[in-house]
Amino acid sequence: MPNAYISGTGMFVPPRVVTNDQLAKEFGMDTTHEWIVQRTGIEERHYADEGVGTSDIAVPAAEQAIERAGIEKTDLDMIIFATLSPDHCFPGSGVYLQKKLGLCDGAAAKFVPALDVRNQCSGFLYGLSTATAMVKSGACKHVLVVGAEVHSHALDLSTRGRTVGSLFGDAAGAVVVSATDEDRGIRSWHLGADGRYADVLAQRIWDIKRFPFIPLDEHGVGQVQPEMMWAQMEGKLVFRNAIERMMTVLMEACVANGITGQDIDLFVFHQANLRINQYLQQHLGIPDEKVVHNIQKYGNTTAATIPTLLAEAEQSGKLKRGMKVAMIAFGSGFTWGCVIADW
Ligand code: UT7
């Protein structure tokens, strides 16, 4: 059975920066830079321009990962696309990305499977685990895993939505998972979910139990109430569960690998709130140099947090061959996961 390792990383953030002050001044949100920084660590985030979708920003991230993996696009055997802000309700963003990468063009067209993952902040780790299983089984040699979000177009940026709206940003991250006979790569993955909390962090823009699924006005035009249109979150409950689940799943992964936290060289935590990660770091006694963050400049980019961190850490030289890496995520569902890799 081959090993599966991350052969290339890539990332892209849309150029438009929106600071905390801009949320107040330009969008009219009753908030302050101090509140957001103190509660979350976020200083600014990037928003995609109107007309730019999630599969669009995934293209440069994917191309960078493919190039850094040293392969051609046509070497890919599968695409896995994790997002909570897909271009459309259906089809998934994976097929749009496939087309935009040029994989459907010309004589070299390769109609590889494209799978969308709907696990929000844990989506990238669910996708990475699936890719690893596909590679280890021998079914695929190279799998592209993308975590990308254009969440800003679906955020209530008024005061009504500030608890959620101030947190999120847009970004795309990608990795290529490849087969190798070398003794390296993804050692184990540990995924979990607790559907009792499905409604605690959710965007229920429609309700398929209803007929029709979105209420219509007298002209047959769909009407979506604000509490359905925008994501709703019980922040404190999410915060507490994030700490508990991320801590537990990391311990589970350490036990499974016969290691302790001290054997891990780099901790790549999902970026939901700097305070969550600082709490984990403090309670697990993890030194600053073993942790990477990007929430300060990008906000919470949901499925993109971990692959963008990997790309930044690898490209800056902080993440090097031979290091033991722990990736840990938690999010809506609730869902969570931890992946341990020898880089
Ligand atoms: O990635 C998915 C997982 N998501 C998370 O892990 C998020 C976890 N939760 C959190 O990070 C925190 O709960 C938040 C940052 C979302 C909120 O922080 P909090 O300390 O739990 O604040 P809160 O929700 O209890 O709100 C306290 C006050 C409220 O005002 P009142 O009711 O006390 O008058 C909020 O309306 O802060 C208000 N508030 C804001 N004020 C200024 C909420 N958002 C803002 C804001 N600016 N952006």
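Residues numbered from 1 in each chain as written. Predicted model: local features only at pLDDT ≥ 70, side-chain atom pairs only at ≥ 80, totals over all residues. Heavy atoms only, no water.

A look at the environment of Leu-128
Relative to the helices and strands, Leu-128 is located in helix H5 (residues 123–136). Through-space distance from the C-alpha of Leu-128 to that of Val-117 is 10 Å; in sequence the pair is eleven residues apart. Residue contacts for Leu-128: discarding those within four places in its chain leaves Ile-6, Val-145, Val-175, Val-177, Ile-186, Met-327 and Val-339. (Helix = DSSP H or I, 4+ residues; strand = E, 2+ residues; numbered from the N terminus. Contact = heavy atoms within 4.5 Å.)

Describing the domain arrangement of the protein chain
Segmenting the protein chain into domains produces domain 1 (3–183) and domain 2 (186–198 + 231–342). Tallying the contact residues gives 51 residues for domain 1 and 42 residues for domain 2. Interface area for domain 1 against domain 2, summed over the two sides, is near 3700 Å², with a carbon-plus-sulfur share of 61%. Sorting the residues of domain 1 by area buried against domain 2 places Met-11, Cys-121 and Leu-125 first, and these three jointly supply 17% of that buried surface. Linking domain 1 with domain 2 are three salt bridges, by the criterion used here. Residue Glu-182 is joined to Arg-321 by a salt bridge in which the shortest nitrogen-to-oxygen separation is 2.8 Å. Taken together, the connections running from domain 1 to domain 2 amount to 18 residue pairs in polar contact (both at pLDDT 80 or more). Its residues placed into classes, the side of domain 1 that touches domain 2 shows 22 nonpolar, 19 polar and ten charged. (Domains from an automatic or database assignment. Buried area = accessible area lost by both parts, 1.4 Å probe. Salt bridge = Lys/Arg side-chain N within 4 Å of Asp/Glu carboxyl O. Polar contact = N/O pair within 3.5 Å; in protein donor to acceptor, adjacent residues only side chain to side chain. Nonpolar A, V, L, I, M, F, W, Y, C, P; charged D, E, K, R; others polar.)

Some details on the packing of helix H3 (residues 54–69) against helix H4 (residues 93–100)
Helix-helix packing: each pair is described by the crossing angle between the helix axes and the interaxial distance. The interhelical angle for the contact between H3 and H4, taken along N-to-C directions, is 50°, at an axis separation of 9 Å. Between H3 and H4, the interaxial angle falls into the category oblique. Of the two possible hands of crossing, H3 and H4 adopt the one that is right-handed. Between H3, through Ser-55, Asp-56, Ala-58 and Val-59, and H4, the contact on the second element is made entirely by Ser-93, Tyr-96, Leu-97 and Lys-100. When the residues that make up the contact of H3 with H4 are grouped by side-chain class, the tally is four nonpolar, two polar and two charged. (Axes fitted to C-alpha atoms, helices over the stretch in contact; angles between N-to-C directions. Parallel < 35°, antiparallel > 145°, perpendicular 65-115°, else oblique. Left-handed = near helix turned anticlockwise from the far one by under 90°.)

Here's the deal with the pattern of salt bridges
All chains considered together, the criterion is met by 16 salt bridges. Arg-187 is the salt-bridge partner of Asp-183, the closest N and O atoms lying 3.1 Å from each other. Since its relative accessible area comes to 65%, Asp-183 is described here as exposed. A salt bridge links Asp-194 to Arg-245, with the shortest nitrogen-to-oxygen separation between them at 3.5 Å. Taken together, the residues span a long stretch of sequence, with Asp-194 in the loop between strand S8 (185–193) and strand S9 (201–202) and Arg-245 in helix H8 (residues 235–257) at a distance of 51 residues. (Buried < 20%, exposed > 50% of the residue type's maximum accessible area, 1.4 Å probe, protein only.)

A word on the site of the ligand
As a structural note, the neighbourhood of the ligand is formed by 21 residues, with Thr-31, Arg-39, Lys-236, Asn-273 and Asn-300 the closest of them. The contact in question runs from an oxygen atom of the ligand to an N or O atom on the side chain of Asn-273, over 2.7 Å. A total of 950 Å² of accessible area belongs to the ligand in isolation, and the protein chains cover 75% of it. For the shell around the ligand, the elements supplying multiple residues, two or more each, are helix H2 (33–40), helix H6 (162–165) and H8. The biggest single contributor to the shell around the ligand is H8, with four residues. Its residues placed into classes, the shell around the ligand shows nine nonpolar, eight polar and four charged. (Near = heavy atom within 4 Å. Areas by Shrake-Rupley, 256 points an atom, 1.4 Å probe, with all protein chains shown as cover.)

Notes on helix H9 (residues 274–284)
The periodicity of an α-helix, 3.6 residues per turn, causes residues three or four positions apart to be oriented the same way. Taken residue by residue, H9 has Leu-274, Ile-276, Asn-277, Leu-280 and Gln-281 as its buried positions. Each buried residue of H9 sits inside an arc of 160° when the element is viewed along its axis, so together they form one side. Against H2, H8, strand S11 (266–269) and helix H10 (295–298) lie the buried residues of H9. Two to three positions downstream of the cap, the backbone nitrogen of Arg-275 sits 2.8 Å from a side-chain oxygen, assigning the N-cap of H9 to Asn-273. Looking at the residues trailing H9, positive phi occurs at Gly-285, about 65°. (Arc of directions from axis to C-beta.)

Topic: the side chain of Lys-324
Of note, Lys-324 is situated in strand S12 (residues 324–331). Using a relative accessible area of 17% as the deciding quantity, one classes Lys-324 as buried. Within the structure, the side chain of Lys-324 is placed 2.8 Å from the side chain of Asp-342, a separation counted as a polar contact. Residues contacting Lys-324, with those up to four places away along its chain left out, are Ile-259, Asp-263, Ile-264, Asp-265, Leu-266, Ile-340, Ala-341 and Asp-342.

Thoughts on the sheet that holds S11
The mixed open sheet is built from four strands, whose spatial order is S8-S13-S12-S11. Looking at strand neighbours, the two that pair on one side only are S8 and S11, the edges of this open sheet. Within the sheet, the average angular offset between the axes of one strand and its neighbour, ignoring direction, is 10°. With eight bridges joining them, S8 and strand S13 (residues 335–342) adopt antiparallel strand pairing. Looking across to S13, one finds that Ala-193 is bridged to Thr-335. In the packing of helix H11 (residues 305–315) onto the sheet, contacts are made with S11 and S12, and the angle to S11 comes to roughly 145°. (Pairing = 2+ DSSP bridges.)

A few points about the packing of aromatic side chains
The full count for this structure, using the stated rule, is six aromatic pairs. A centroid spacing of 5.9 Å and a plane angle of 20° characterise the contact between Phe-267 and Phe-269, whose relative ring orientation is stacked. The pair formed by Phe-267 and Phe-269 is uniform in burial state, with each residue classed as buried. An aromatic cluster is built from Tyr-197, Phe-330, Phe-334 and Trp-336, whose rings are joined through pairwise contacts. (Phe/Tyr/Trp six-rings, centres within 6.5 Å; stacked < 30°, edge-to-face > 60°.)

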